[in-house]
Amino acid sequence: MVVVSNIHILFIATILHFRIMNYRVSALTNMLNDPHVKVYEDGEGKLIVEGNIVILNDNFNKFPVKIDKVIGSVEWRGCVNQFESGSLTSLENFPDEVTGNVYISKNVRLTSLNGCPKKIGGSLVCEHCNISDISGIAGAKIKNHFIASYNPISDVSVLEKVYGIILDTQII
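Structure report, in brief. (Residues numbered from 1 in each chain as written. Predicted model: local features only at pLDDT ≥ 70, side-chain atom pairs only at ≥ 80, totals over all residues. Heavy atoms only, no water.)

Attention shifts here to the environment of Gly 164. Relative to the elements of secondary structure, Gly 164 occurs in the loop between β11 (145-147) and β12 (166-168). In this structure, the C-alpha to C-alpha distance between Gly 164 and Lys 141, residues 23 residues apart in sequence, is 6.1 Å. Setting aside anything within four residues of it in sequence, one finds Gly 164 in contact with Ile 142, Lys 143 and Asn 144. (Helix = DSSP H or I, 4+ residues; strand = E, 2+ residues; numbered from the N terminus. Contact = heavy atoms within 4.5 Å.)

Shown next, in the form of structure tokens:
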């Protein structure tokens, strides 16, 4: 018969938590591959990124793990020409909060703002994508501009539920 004490259970739970925490931090650190960006979990287990996230390649189509907060900006720009289209396909795992700007322009495979940060300390720029659904920004707080030019947005009524934005949109 094996006797397991509360100390053993706590020890195993701590090891499992540490492995999960290390996986999340490692997965994101490996993706970003930037020595100027710091990735860590805070005391509440939230994944925090300090520094600007810049993704300019086609190796990824979304973040590998959920990010809670970016202290800086997020730039995930694609290219619009006949050969390149940008890699971002989903805002799944995007940060809940970004203290700077969010640039996700020129990702023509991106069709929705579902998963968009709920608090943006700067502007949200998503020009030249293929976004038709902007319902993902309902209830968001955007300090500066929302720029969504050159997207086939069909319903802009959700913009009434976005707090603090200066609207810069051109619907085509």
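Here the narrative resumes.
Our next topic: the sheet that holds strand β6 (residues 97-98). Strand order in the open sheet made by the six strands is β1-β2-β4-β6-β8-β10, with mixed pairing throughout. Taken across any chain shown, the strands that pair with only one partner, and hence form the sheet edges, are β1 (38-41) and β10 (141-142). Sheet topology note: the strand β4 (residues 69-71)/β6 ladder contains two bridges and is parallel. Directly across from Val 70, in β6, lies its bridge partner Val 98. (Pairing = 2+ DSSP bridges.)

Summed over all chains, the structure comprises three aromatic pairs. Aromatic side chains Trp 76 and Phe 94 sit 6.4 Å apart centroid to centroid with 25 degrees between the ring planes, which places their arrangement in the stacked category. Of this pair, Trp 76 sits in strand β5 (residues 74-76) while Phe 94 is found in the loop between β5 and β6, placing the two residues 18 residues apart along the sequence. Judged by its relative accessible area of 0%, Phe 94 falls in the buried class. (Phe/Tyr/Trp six-rings, centres within 6.5 Å; stacked < 30°, edge-to-face > 60°. Buried < 20%, exposed > 50% of the residue type's maximum accessible area, 1.4 Å probe, protein only.)

Attention now moves to the environment of Asn 151. By secondary structure assignment, the location of Asn 151 is in the loop between β11 and β12. For the pair Asn 151 and Thr 111, spaced 40 residues apart in the sequence, the C-alpha separation amounts to 8.9 Å. Looking at Asn 151, its side chain comes within polar contact range of the main-chain nitrogen of Cys 129, at 3.3 Å. (Polar contact = N/O pair within 3.5 Å; in protein donor to acceptor, adjacent residues only side chain to side chain.)

Moving on to the pattern of salt bridges. Tallying each qualifying case throughout the model produces five salt bridges. The partner of Glu 44 in a salt bridge is Lys 46, with the nearest N and O atoms 3.8 Å apart. In this structure, Glu 92 and Lys 62 form a salt bridge, with 3.0 Å as the shortest nitrogen-oxygen distance. Placement of the pair is Glu 92 in the loop between β5 and β6 and Lys 62 in the loop between β3 (53-55) and β4, with a sequence separation of 30 residues. Overall, Glu 92 belongs to the partly exposed group, its relative accessible area being 39%. (Salt bridge = Lys/Arg side-chain N within 4 Å of Asp/Glu carboxyl O.)

Tallied over the entire structure, the rule returns zero disulfides. We note that Cys 126 lacks a disulfide partner, and the nearest cysteine sulfur, in Cys 129, lies 5.9 Å from it. (Disulfide = S-S within 2.5 Å.)

Quick look at unusual backbone geometry now. We note that Asn 33 has phi near 50 degrees; this positive angle belongs to a residue other than glycine. For Asn 33, the position within the fold is in the loop between α1 (6-32) and β1. For Asn 93, which is not glycine, the phi torsion reads 70 degrees and is therefore positive. As for its placement among the helices and strands, Asn 93 is situated in the loop between β5 and β6. Under the relative-accessibility criterion, Asn 93 is labelled buried at 17%.

Our focus in this paragraph is the side chain of Asn 107. Here Asn 107 shows up in the loop between β7 (102-103) and β8 (119-120). Reaching out from Asn 107, the side chain makes a polar contact with the backbone nitrogen of Leu 88 at a distance of 3.1 Å.

Next up on the list: the environment of Thr 99. Tracing the sequence through the fold places Thr 99 in the loop between β6 and β7. Taking C-alpha positions, Thr 99 is 4.3 Å from Gly 121, a pair spaced 22 residues apart along the chain. Once residues within four sequence positions are removed from consideration, Thr 99 is found in contact with Lys 69, Val 70, Ile 71, Gly 72, Gly 121 and Gly 122. Within the structure, the side chain of Thr 99 is placed 2.8 Å from the backbone nitrogen of Gly 72, a separation counted as a polar contact.

Coordinates in, geometry out; function isn't part of it.
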